[in-house]
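Residue-level listing of the chains:
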Amino acid sequence: AQSVTQPDIHITVSEGASLELRCNYSYGATPYLFWYVQSPGQGLQLLLKYFSGDTLVQGIKGFEAEFKRSQSSFNLRKPSVHWSDAAEYFCAVIDRGSTLGRLYFGRGTQLTVWP
Amino acid sequence: EPEVTQTPSHQVTQMGQEVILRCVPISNHLYFYWYRQILGQKVEFLVSFYNNEISEKSEIFDDQFSVERPDGSNFTLKIRSTKLEDSAMYFCASSPQTGRVGELFFGEGSRLTVL
């Protein structure tokens, strides 16, 4: 069965520090991979996605993620965090054979940014 | 920027009552979804809807649930007889076309509390 693991429930970083949020997946074949963010009072917003090709993908708001097949991981990174990045971050996967939007989400990682 | 809107933002109901959650997807989108998140748990897929019919539903989406697109703009989720375990945040989402698999636009959510 599909499984997405985000091992960190809560991460706290100082503004300006670098950030890495971890995501591992368990799947029969490499799925499509996504990171979504939910800021307070808002819906989930797509940050970036990986379908194929270059394993380092760039997203919005200065985020990037690296797909590592050998580790079944898709970790999200940002070199310098801003206070406005405080939010909950969700890793998600979807079956490559899917034509629709049945995403499987991780539990989410809550990011707190100290000034 | 167009967005998905949901009403109500919060509804409190008694067990056994019917609840209708409403969503207005982005106007030119073709695919519509409902997801939910029970407090402390993962965001879970409920149902997808395309061309005026259900495309896929999860095991959660039993006979107590139904969806409808009664006019050209609204997309509703009805829970016929609510149970305590239906308490959750319900997210509506839409996506424009098949080629953008997994790229969903989410609303802010409707929090349902069943007493």
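Quick caveat: nothing in here was measured; it's all calculated off a predicted structure.

1. Things to note about the overall build of chain A
Logical step 1: Within chain A, the secondary structure is distributed over zero helices and twelve strands.
Logical step 2: Counting from the amino terminus, chain A carries its helices and strands in the arrangement β-β-β-β-β-β-β-β-β-β-β-β.
Logical step 3: Relative to the 2.2 N^0.38 estimate, which gives 13 Å for 115 residues, the radius of gyration of chain A is 14 Å and therefore close to what a compact globule would have.
Logical step 4: Principal-axis analysis of the C-alpha atoms places the extent of chain A at approximately 45 × 30 × 25 Å.
Logical step 5: Counting the 115 residues in chain A, one finds 50% classified as buried.
Logical step 6: At a minimum sequence separation of 6, the contacts of chain A that also span at least 24 residues come to 55%.

2. Details of the environment of L30(B)
Residue and element names in this part refer to chain B.
Logical step 1: With respect to the helices and strands, the residue L30 is situated in the loop between β3 (19-24) and β4 (31-37).
Logical step 2: When the C-alpha positions of L30 and V101 are compared, they lie 12 Å apart, and in sequence the two are 71 residues distant.
Logical step 3: Beyond its immediate sequence surroundings of up to four residues, L30 is in contact with F49, Y50, N51, S95 and P96.

3. Considering the nonpolar core
Nonpolar side chains tend toward joint burial in soluble globular proteins.
Logical step 1: Counting 27 residues, the largest nonpolar core has L19(A), W35(A), L47(A), L48(A), F74(A), L76(A) and Y89(A) as the members making the most contacts within it.
Logical step 2: Those elements giving two or more residues to this core turn out to be β2 (10-14), β3 (19-21), β5 (32-38), β6 (44-50), β8 (64-68), β9 (73-78), β10 (87-94) and β12 (109-114) of chain A.
Logical step 3: Listed in part, the 23 residues of the second largest apolar core include V4(B), L21(B), F61(B) and L112(B).

4. Considerations on the layout of surface pockets
Logical step 1: Its volume calculated, the largest pocket comes out at about 570 Å³.
Logical step 2: Around the largest pocket sit 25 residues that line it, and L44(A), Q45(A), E1(B), E3(B) and F106(B) are the ones nearest its centre.
Logical step 3: Mapped by element, the contributors of at least two residues to the lining of the largest pocket are β5 and β6 of chain A together with β1 (5-7) and β10 (105-106) of chain B.
Logical step 4: A total of three residues in the lining of the largest pocket trace back to one element, the largest contributor, which is β6(A).
Logical step 5: Its residues placed into classes, the lining of the largest pocket shows nine nonpolar, ten polar and six charged.

5. A closer look at the packing of aromatic side chains
Logical step 1: Per the stated rule, a full pass over the model turns up 20 aromatic pairs over all chains.
Logical step 2: For the pair Y50(A) and F67(A), a centre-to-centre distance of 4.6 Å together with 25° between the ring planes defines the contact as stacked. Placement of Y50(A) in strand β6 and of F67(A) in strand β8 is noted, with a sequence separation of 17 residues between them.
Logical step 3: Overall, F67(A) belongs to the buried group, its relative accessible area being 4%.
Logical step 4: Where F105(A) meets F106(B), the ring centres are 6.3 Å apart and the plane angle is 70°; that geometry is what we call edge-to-face. Here the residue F105(A) occupies a position in strand β11 (residues 104-105), and F106(B) occupies one in strand β10, the pair thus bridging two chains.
Logical step 5: Taking the relative accessible area as the measure of exposure, F105(A) reaches 3% and is therefore buried.

About the thresholds
Residues numbered from 1 in each chain as written. Chains lettered and ligands numbered in written order. Predicted model: local features only at pLDDT ≥ 70, side-chain atom pairs only at ≥ 80, totals over all residues. Heavy atoms only, no water. Helix = DSSP H or I, 4+ residues; strand = E, 2+ residues; numbered from the N terminus. Rg over C-alpha atoms; globule rule 2.2 N^0.38 Å. Buried < 20%, exposed > 50% of the residue type's maximum accessible area, 1.4 Å probe, protein only. Contact = heavy atoms within 4.5 Å. Core = buried A, V, L, I, M, F, W, Y, C linked by side-chain atoms within 4.5 Å. 1 Å grid on protein atoms, 1.4 Å probe; cavity = no way out; pocket = protein on both sides within 12 Å on 5 of 7 lines; lining within 4 Å. Points joined across faces, edges and corners; volume = space filled by probe spheres on them. Nonpolar A, V, L, I, M, F, W, Y, C, P; charged D, E, K, R; others polar. Phe/Tyr/Trp six-rings, centres within 6.5 Å; stacked < 30°, edge-to-face > 60°.

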